Amino acid sequence: MLSGRRLDLLDPSPLDIEVADIAHGLAFVARWNGQTRGDWPYSVAEHSLLVEALLQRARPNWPVSWRLAALLHDAPEYVLGDMISPVKSAIGPSYAELDARLSAAVHRRFGIPAALPAEAKRAIKRADRVSAWLEAMQIAGFARAEADRLFGRPPQGWLDAETTITLRPPAEARDAYLARFETLIASD
């Protein structure tokens, strides 16, 4: 890693995980395999910021640790990359196991339970799907009917008319991710 840490992907230690490595890696990993409109790729860092913002909007009184978990929900992708769901399914359980080990190490590193409570996990997954719905329509070229069919129409209260996708250069996405992380950690 750029921090100088050596991360064993098969047996990740929380001590080898640094948020700067996560932010940097996610800022350079493109969602949608890079097949999005705009002058910059839509990064996993930007997506993670949106997921956390959506969760905050829908659950404003939730503990900061669950919002931090939302920001970190795709953290393993800083070393694994972002694979589209059909590829993950084709790889099978070994990918899911690797992802789960990395997620657990990331959670332990930042004081979040390795296994989230079911309600928090469901809400973060819902925010993730709302984000995918919004991304599909705003930057990935999907029609609304197709986004509704694939991701489900967002529930009431999760979006407002001003919720838009903003594309930024990777360095700006990285810095925004780090700033949000620091804000959440400081308020916990």
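How each quantity is defined
- Residues numbered from 1 in each chain as written.
- Predicted model: local features only at pLDDT ≥ 70, side-chain atom pairs only at ≥ 80, totals over all residues.
- Heavy atoms only, no water.
- Axes fitted to C-alpha atoms, helices over the stretch in contact; angles between N-to-C directions.
- Helix = DSSP H or I, 4+ residues; strand = E, 2+ residues; numbered from the N terminus.
- Parallel < 35°, antiparallel > 145°, perpendicular 65-115°, else oblique.
- Left-handed = near helix turned anticlockwise from the far one by under 90°.
- Contact = heavy atoms within 4.5 Å.
- Nonpolar A, V, L, I, M, F, W, Y, C, P; charged D, E, K, R; others polar.
- Buried < 20%, exposed > 50% of the residue type's maximum accessible area, 1.4 Å probe, protein only.
- Patch = residues over 30% accessible without salt bridge, like charges linked within 9 Å, V, L, I, M, F, W, Y side chains within 5 Å.
- Areas by Shrake-Rupley, 256 points an atom, 1.4 Å probe, with all protein chains shown as cover.
- Salt bridge = Lys/Arg side-chain N within 4 Å of Asp/Glu carboxyl O.
- Expected span 1.5 Å × (residues − 1).

Q: Help me understand the packing of helix α3 (residues 64-71) against helix α9 (residues 170-187) in this model?
A: The geometry of α3 relative to α9 is characterised by a closest axis approach of 9 Å and an angle of 160° between their N-to-C directions. When the interaxial angle is binned, α3 and α9 end up roughly antiparallel. In the crossing of α3 with α9, the sense of the turn from one axis to the other is left-handed. Side by side, α3 and α9 meet where Val64, Arg67, Leu68 and Leu71 of the first sit next to Tyr177, Arg180, Phe181, Leu184, Ile185 and Ser187 of the second. Broken down by class, the residue content of the contact of α3 with α9 amounts to seven nonpolar, one polar and two charged.

Q: I keep staring at the environment of Ala115 and nothing clicks. Help me out?
A: In this structure, Ala115 sits in the loop between α6 (93-109) and α7 (118-138). What makes Ala115 exposed here is its relative accessible area of 61%. Considering only alpha carbons, one finds Ala115 and Ser103, 12 residues apart in sequence, at a separation of 9.0 Å.

Q: In this structure, what is going on with a nonpolar patch on the surface? I would like to understand it.
A: Taken together, the side chains of Ile84, Val87 and Ile91 make up a nonpolar region of the molecular surface, amounting to roughly 210 Å² of accessible area. Mapped onto the secondary structure, Val87 falls in helix α5 (residues 85-91). Residue Val87 is classed as partly exposed on the basis of its relative accessible area, which comes to 35%.

Q: I tried to follow helix α2 (residues 44-58) on my own but got confused; where do I start?
A: Side chains that are three or four residues apart share a direction in an α-helix, a result of its 3.6 residues per turn. An ideal rise of 1.5 Å per residue puts 21 Å on 15 residues; α2 measures up with 21 Å between its terminal C-alpha atoms. Taking burial as the measure, the 15 residues of α2 include 12 buried ones, the bulk of the element. Looking at α2, one finds that the buried residues are Val44, Ala45, Glu46, His47, Ser48, Leu49, Leu50, Val51, Glu52, Leu54, Leu55 and Ala58.

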